[in-house]
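Below, each chain spelled out in residue letters.
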Amino acid sequence: MANENKNLKICENGHKYYKSSDCLTCPICESERKPTDGFLSTLGAPARRALKNNGIKTVKKLSEFTKAEILKFHGMGPASMPKLLGALAAEGLSFKTRGK
């Protein structure tokens, strides 16, 4: 019923899961990789991967980008922006502005 339109997949770690898309990301592996603290822990998996895939693992590194640059990353959406702005503000930082 709940899995009728989904395909059974097995990741390289042997986890079994169902997905209707061609996405190969295992939700079990993804939840095991989620940080327990820091600003990345507040984000959903796609946004977290988008930042990590672009070398952003710290708030300091995040501050080296403009909002527009961040939003262009695959997996990053506007819903994550308040969390990122809050993380920057907590460290006394902000997004880079054009021309700097």
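Summary of the structure given here. (Residues numbered from 1 in each chain as written. Predicted model: local features only at pLDDT ≥ 70, side-chain atom pairs only at ≥ 80, totals over all residues. Heavy atoms only, no water.)

The helix and strand tally for the protein stands at five helices and two strands. Reading the helices (α) and strands (β) of the protein from amino to carboxyl end gives β-β-α-α-α-α-α. Taken against the 2.2 N^0.38 rule, which gives 13 Å for 100 residues, the C-alpha radius of gyration of the protein at 16 Å runs more than 25% over that of a compact globule. In terms of overall dimensions, the protein has C-alpha extents of about 50 × 25 × 20 Å along its principal axes. Every one of the 100 residues in the protein was classed for burial, and the buried ones make up 32%. Across the protein, contacts joining residues at least 24 apart in sequence account for 32% of those joining residues at least 6 apart. (Helix = DSSP H or I, 4+ residues; strand = E, 2+ residues; numbered from the N terminus. Rg over C-alpha atoms; globule rule 2.2 N^0.38 Å. Buried < 20%, exposed > 50% of the residue type's maximum accessible area, 1.4 Å probe, protein only. Contact = heavy atoms within 4.5 Å.)

Turning our eyes to something else, we now look at the packing of aromatic side chains. This model, assessed by the stated rule, comprises one aromatic pair. Where F65 meets F73, the ring centres are 5.9 Å apart and the plane angle is 75 degrees; that geometry is what we call edge-to-face. Like F65, the residue F73 is buried in the burial classification. (Phe/Tyr/Trp six-rings, centres within 6.5 Å; stacked < 30°, edge-to-face > 60°.)

On to the environment of T58, then. Mapped onto the secondary structure, T58 falls in the loop between α2 (45-53) and α3 (59-62). Sequence-wise, T58 and F39 are 19 residues apart; in three dimensions their C-alpha atoms are separated by 7.8 Å. A polar contact is formed between the side chain of T58 and the backbone nitrogen of K61, at a distance of 3.0 Å. (Polar contact = N/O pair within 3.5 Å; in protein donor to acceptor, adjacent residues only side chain to side chain.)

A few words on α2. Listing the buried residues of α2 in full gives A45, A47, R48, A50 and L51. Directly beyond the C-terminal end of α2, a positive phi value near 75 degrees is found at G55.

Inspection of the entire model under this criterion finds one salt bridge. Between E64 and K61 there is a salt bridge; the shortest N-O distance is 3.2 Å. Among the residues examined, E64 registers a relative accessible area of 39% and is labelled partly exposed. (Salt bridge = Lys/Arg side-chain N within 4 Å of Asp/Glu carboxyl O.)

What follows concerns a nonpolar patch on the surface. A cluster of nonpolar side chains, L8, I10 and Y18, forms an exposed patch at the surface whose accessible area comes to about 310 Å². Summarising the element assignment, I10 is placed in strand β1 (residues 7-10). (Patch = residues over 30% accessible without salt bridge, like charges linked within 9 Å, V, L, I, M, F, W, Y side chains within 5 Å. Areas by Shrake-Rupley, 256 points an atom, 1.4 Å probe, with all protein chains shown as cover.)

With that out of the way, let us pick up the environment of A79. Along the chain, the position of A79 falls in the loop between α4 (67-71) and α5 (81-90). Given the relative accessible area of 68%, A79 is considered exposed. Taking the C-alpha atoms as reference, A79 lies 20 Å from L93; in sequence the two are 14 residues apart.

No statement about biological role is implied by the geometric values presented.
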